[in-house]
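# Descriptive analysis of the structure
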Amino acid sequence: MKVKLQSFADTADSDIELNDEVFGLDPRGDILHRVVTWQLEKRRATASGTRERADVARTGKKFGRQKGGGTARHGDRRAPIFVGGGKAHGQRTRDFNPSLNKKIRALGLKMALSSHAKAGSLVILDSLAVSEGKTKTLIADWAKLGTGKTALVIDGDTVETTFVLAAGNLSTINVMPAAGANVYDILKHDTLVLTRAAVEKLEARFNG
């Protein structure tokens, strides 16, 4: 698959060859749904449970006689009505860490990348360098790309410093290195912008 290689300076007029095994797949809604669901579930922290009557370390000895004490007939101090006793109907431990096969996760990421490529919302940039790291300069350069309302920008090992500074005040542009590429963020944005370095990293990630 060939995609036009663009540049802020309008100097890159060549095409870049993309691996069809990464950017040329037919997206499947069921695979993408499974990966997104797994990813969002992994974000949730495990809810800790309260200690119930069986979990409290207190004596089980009957502390009073059955009759004549003028009080209720309690068997031990672990009852919920006592200070230090177990919690009645307390919160139970819930674990939000489902498992998902690595092959399905990798396939989902490939399909997310392919979905932008097939929809025409994939932009490949030669470089993210912005003159003096100015937001005003980036806004002018960004308008030339014809992106959607929101865009996710993925660079190589690290994101270009000048671009990070320029895009810091723009809520419609999010940036991340190639190592952080994930299905949820890719699908959530209208446009996916990759640098040449990001393409190399992503293709090497699946071929390695």
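Residues numbered from 1 in each chain as written. Predicted model: local features only at pLDDT ≥ 70, side-chain atom pairs only at ≥ 80, totals over all residues. Heavy atoms only, no water.

The name given to the chain in an unreviewed UniProt entry is Large ribosomal subunit protein uL4, with Sphingomonas populi as the source organism. One UniProt comment on the chain, placed under Subunit (unreviewed entry), says "Part of the 50S ribosomal subunit." Turning to the chain, the UniProt record has this under Sequence similarities (unreviewed entry): "Belongs to the universal ribosomal protein uL4 family." (UniProt positions renumbered as here; feature names shortened; annotations may be inferred.)

What follows is about the layout of surface pockets. Rolling a probe over the atoms, with the probe sized like a water molecule, indicates the empty space that remains. Taken as a whole, the largest pocket holds about 180 Å³ of empty space. Forming the walls of the largest pocket are Val35, Trp38, Gln39, Lys102, Arg105, Ala106, Leu109, Ala181, Asn182, Val183, Arg205 and Phe206. The set of elements that each furnish at least two residues to the lining of the largest pocket consists of helix H2 (29-43), helix H3 (102-119) and helix H7 (196-207). Broken down by element, the residue count for the lining of the largest pocket peaks at four residues, all from H3. (1 Å grid on protein atoms, 1.4 Å probe; cavity = no way out; pocket = protein on both sides within 12 Å on 5 of 7 lines; lining within 4 Å. Points joined across faces, edges and corners; volume = space filled by probe spheres on them. Helix = DSSP H or I, 4+ residues; strand = E, 2+ residues; numbered from the N terminus.)

As a further point, take unusual backbone geometry. Of note in this structure, His89 is not a glycine but carries a positive phi near 55°. If you trace the backbone, His89 turns up in the loop between H2 and H3. Not every positive phi belongs to a glycine, and Glu132 is a case in point at roughly 60°. Along the chain, Glu132 falls in the loop between strand S3 (122-125) and helix H4 (135-143).

It is worth spelling out the packing of aromatic side chains at this point. Inspection of the entire model under this criterion finds two aromatic pairs. Judged by centre distance (6.5 Å) and plane angle (55°), the rings of Phe8 and Trp142 are tilted. Pair noted here: Phe8 is in the loop between strand S1 (2-6) and strand S2 (15-17) and Trp142 is in helix H4, with a separation of 134 residues, a long-range link. Classification of Phe8 by relative accessible area gives buried; the value is 6%. Consider the rings of Trp142 and Phe163, whose centres lie 6.1 Å apart with planes at 50°: the pair is tilted. Taken together, the positions of Trp142 in helix H4 and Phe163 in helix H5 (residues 161-167) put the pair 21 residues apart, joining distant regions of the chain. The buried category is assigned to Trp142, whose relative accessible area is 11%. Aromatic ring contacts, followed pair by pair, group Phe8, Trp142 and Phe163 into a single cluster. (Phe/Tyr/Trp six-rings, centres within 6.5 Å; stacked < 30°, edge-to-face > 60°. Buried < 20%, exposed > 50% of the residue type's maximum accessible area, 1.4 Å probe, protein only.)

If you look at the biggest cluster of nonpolar residues, it comprises 33 residues, and the most contacted ones within it are Phe23, Leu113, Leu122, Ile124, Ile154, Leu192 and Leu194. It is H3 that provides the largest number of residues to this core, a total of six residues. Excluding anything up to four places from it in sequence, Ile154 contacts Met176, Pro177, Ala178, Ala181, Leu192, Val193, Leu194, Thr195 and Ala198. In terms of nonpolar packing, the next biggest core, distinct from the first, is built from 17 residues, Phe8, Leu128, Trp142 and Leu145 among them. (Core = buried A, V, L, I, M, F, W, Y, C linked by side-chain atoms within 4.5 Å. Contact = heavy atoms within 4.5 Å.)

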